[in-house]
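Report on the structure
The chain contents come next:
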Amino acid sequence: MFNHKKTDIVVLGAGPVGLTAAHALAKKKMDYVLLDREQRTNTHSYALALHPETLELLDSLGLADQVLERSLQLPRIRIYEDDHEKAALDYSMLPLKYPFLTVISQGELEHILVDSLPKKPLWNHRVRFIEDGGSALNVSVDRLMEGMTGYAVAHIEMQIDKILDYEANYLIGADGHESVARHIAGIEFPEVTPSADYAVFEFKTDADLPNEMRIIIKDQKTHVFWPLPNGHCRWSFQVDPGDAPADSLNKDHHLIQFGDHGYAQLDREHLDHFLTENAPWFKGSIEDLNWRMLVKFEHRLANSFGRDRIWLAGDSAHMTPQAGILSMNVGMREAIDLAEILSDYHTDTERQSALADYNMHRLAEWEHLLDLDHHISAVDKTARWVIYHRSSLIGNIPASGETLTELLAQLHLIDAA
Ligand SMILES: Cc1cc2nc3c(=O)[nH]c(=O)nc-3n(C[C@H](O)[C@H](O)[C@H](O)COP(=O)(O)OP(=O)(O)OC[C@H]3O[C@@H](n4cnc5c(N)ncnc54)[C@H](O)[C@@H]3O)c2cc1C
């Protein structure tokens, strides 16, 4: 029943972040295994846009053309109050190789990452425990297989087929917001700003969709419109706290509660109501309304990006406001950093020193991205409306690094360089 294997690096989680780490390790011909408890990649849009730097990262992995073929490119964001335009952010003016946002469903992105990966993820491999034995980690894994249960109505359930033991030097924990890696490393994951609940709808429409993302701020709530490929669009409407159950951030869980009422799912009437209230300019048809749910977006930041032999990237270390798509995009760059550190340095002393720097830089970067360091503030030219709604914008602008600095300067929320 037991099976012992050795590897240099275990990558835990084959979401976009773990897949990116695996690509970088494969490129450097490193000895790694990529484990995921699911049977395959996710099939939904979830985090649906790539920042310009993320497309550059995918370009360095030889994947940018495939992504561009299956995506929409948006050069602009417009910010509204009701139907009055208040500000615009223009990526096309920036000195970037790809001066736009790339809209692609997370499922499509994960397919591209898996198809092009030379050493595929080991699906149905659930990490149950990680033990630090000092000179190496022991990673205990349940290999799962489908089995029939013997209830009155038979149904398929995953069962443990074998328990595998991996002895590894390091583990990259890309295992999402409920990270086992983070838990076992004893890293805290405190809330940094209050969570926000969104009613999310995706549908096909005959509307002539604008080639831009739109953020609508009204009554201290933030609503977001994304045009999607093939005549589809996504709307996210912020709803009052408490309208979404706490366990709603679960890939397989369709929401069943709205306000004081229980609903199997959000329905067409909710969508009509939200559109009339918040986006009267939207006049298109609503067809194939196949995604309609309440999602709670928690905003958390780990107090460390790793310890000893366990290091974190992506949602395992941060959860962010929905419109900025920061957690996935920045997480993919963290994955590359971790993979490069582990590839470029070979002794524990060298690796530990580079990993300590990784921790320091990542914490500083996130303090900056979420403005926990309070660097975003008004300058002489800042419009009063923008100052007033500053907190609705932080974390909701899909950009990081220099691009975020340039976009904040377009809003006059920091001094232009
Ligand atoms: C409904 C929904 C809507 C979303 N919408 C948005 C949005 O609009 N904007 C936005 O920015 N973000 C959104 N997100 C969040 C976005 O999906 C994440 O930021 C992104 O997936 C993070 O990627 P990741 O690779 O870090 O983690 P994940 O994609 O969560 O991948 C983690 C992987 O680890 C695997 N795993 C976990 N534990 C184990 C274990 N013990 N053993 C083996 N495998 C394990 C999981 O199966 C999973 O495949 C949404 C998420 C959901 C669920």
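Up top is the structure.
These notes cover the structure that comes with them. All residue numbers here refer to positions counted from 1 along the written sequence of the relevant chain. Totals for whole chains, interfaces and linings use all residues, but because this is a predicted model, local features are given only for residues with pLDDT of at least 70 and pairs of side-chain atoms are given and counted only at 80 or more. Processing note: side-chain calculations cover all non-hydrogen atoms of the structure and skip hydrogens and water entirely.

What follows deals with the site of the ligand. We call a residue near a given molecule or strand whenever any one of its heavy atoms falls within 4 Å of it. Not every one of the 29 residues close to the ligand is listed here, only the nearest: Asp36, Gln106, Val127, Arg234 and Asp315. Between N or O atoms, a polar contact is any pair within 3.5 Å; within protein, one atom must be a potential hydrogen donor and the other a potential acceptor, and residues adjacent in sequence are included only when both atoms are from side chains. Contact between the ligand and valine 17: an oxygen atom at 3.0 Å from a main-chain N or O atom of the residue. At 2.8 Å, a side-chain N or O of aspartate 315 approaches an oxygen atom of the ligand. The protein chains shown are the only cover counted for residues, whose accessible areas, like all others here, come from Shrake-Rupley with a 1.4 Å probe. The protein chains hide 93% of the 990 Å² of surface that the ligand would expose on its own.

Glancing now at helix α8 (residues 348–369). Here α8 spans 31 Å end to end across 22 residues, near enough to the 32 Å set by a 1.5 Å rise per residue. Numbered from the N terminus, helices here are DSSP runs of H or I no shorter than four residues, and strands are runs of E no shorter than two. Phi turns positive, to about 55 degrees, at aspartate 371, one or two residues after α8. What a helix is expected to span follows from its residue count: subtract one and scale by 1.5 Å.

As a further point, take the sheet that holds strand β7 (residues 101–103). Spatial strand order, β3-β7-β4: 3 strands in an open sheet with antiparallel pairing. Looking along the sheet, the strands with just one partner apiece sit at the ends: β3 (49–50) and β4 (72–74). Should DSSP find at least two bridges between two strands, the strands are taken to pair. Bridge count for β4 against β7 is 3 bridges, and the pairing is antiparallel. Counted as the bridge partner of leucine 74 is leucine 101 from β7.

A word on the sheet that holds strand β13 (residues 221–227). Taken together, the 8 strands give an open sheet; going across it, the order is β6-β5-β12-β13-β14-β11-β17-β20, and neighbouring strands pair in mixed fashion. If you trace the sheet from one side to the other, it starts and ends with β6 (84–90) and β20 (318–319), each paired once. Note that β13 and strand β14 (residues 232–239) share 4 bridges and pair antiparallel. Bridging across to β14, proline 227 finds its partner in cysteine 233. Note on definitions: a residue-residue contact is assigned when non-hydrogen atoms from the two residues lie within 4.5 Å. For helices, the fitted line uses only the C-alpha atoms of the stretch in contact; every axis is such a line through C-alpha atoms, and the angle between N-to-C directions lies from 0 to 180 degrees. Across the sheet, helix α6 (residues 268–278) lies against β11 (191–204), β12 (212–218), β13, β14 and β17 (287–301), angled at about 80 degrees from β14, the strand it touches most.

On to the pairing of β17, then. Relative to β17, β11 runs antiparallel, the two sharing 10 bridges. Looking at β17, one finds that alanine 196 is bridged to phenylalanine 297. Taken together, the 2 bridges between β17 and β20 define a ladder with antiparallel strand orientation. Bridge pairing in β20 links leucine 301 to histidine 318.

Criterion for a salt bridge: a side-chain nitrogen of Lys or Arg within 4 Å of a carboxyl oxygen of Asp or Glu. Per the stated rule, a full pass over the model turns up 23 salt bridges. A salt bridge links glutamate 167 to lysine 6; the nearest nitrogen and oxygen atoms lie 3.9 Å apart. Taken together, the positions of glutamate 167 in strand β10 (residues 156–173) and lysine 6 in strand β1 (residues 2–12) put the pair 161 residues apart, joining distant regions of the chain. The exposure class of lysine 6 is exposed, given its relative accessible area of 62%. Among the salt bridges present, the one from aspartate 348 reaches arginine 309, with a minimum N-O distance of 2.6 Å. Of this pair, aspartate 348 sits in helix α8 while arginine 309 sits in the loop between β18 (306–307) and β19 (310–312), and the two are 39 residues apart along the sequence. With a 1.4 Å probe rolled over the protein chains alone, any residue whose accessible area is under 20% of its type maximum counts as buried; one over 50% counts as exposed, and the rest are partly exposed. Residue class for aspartate 348 comes out partly exposed when judged on its relative accessible area of 33%.

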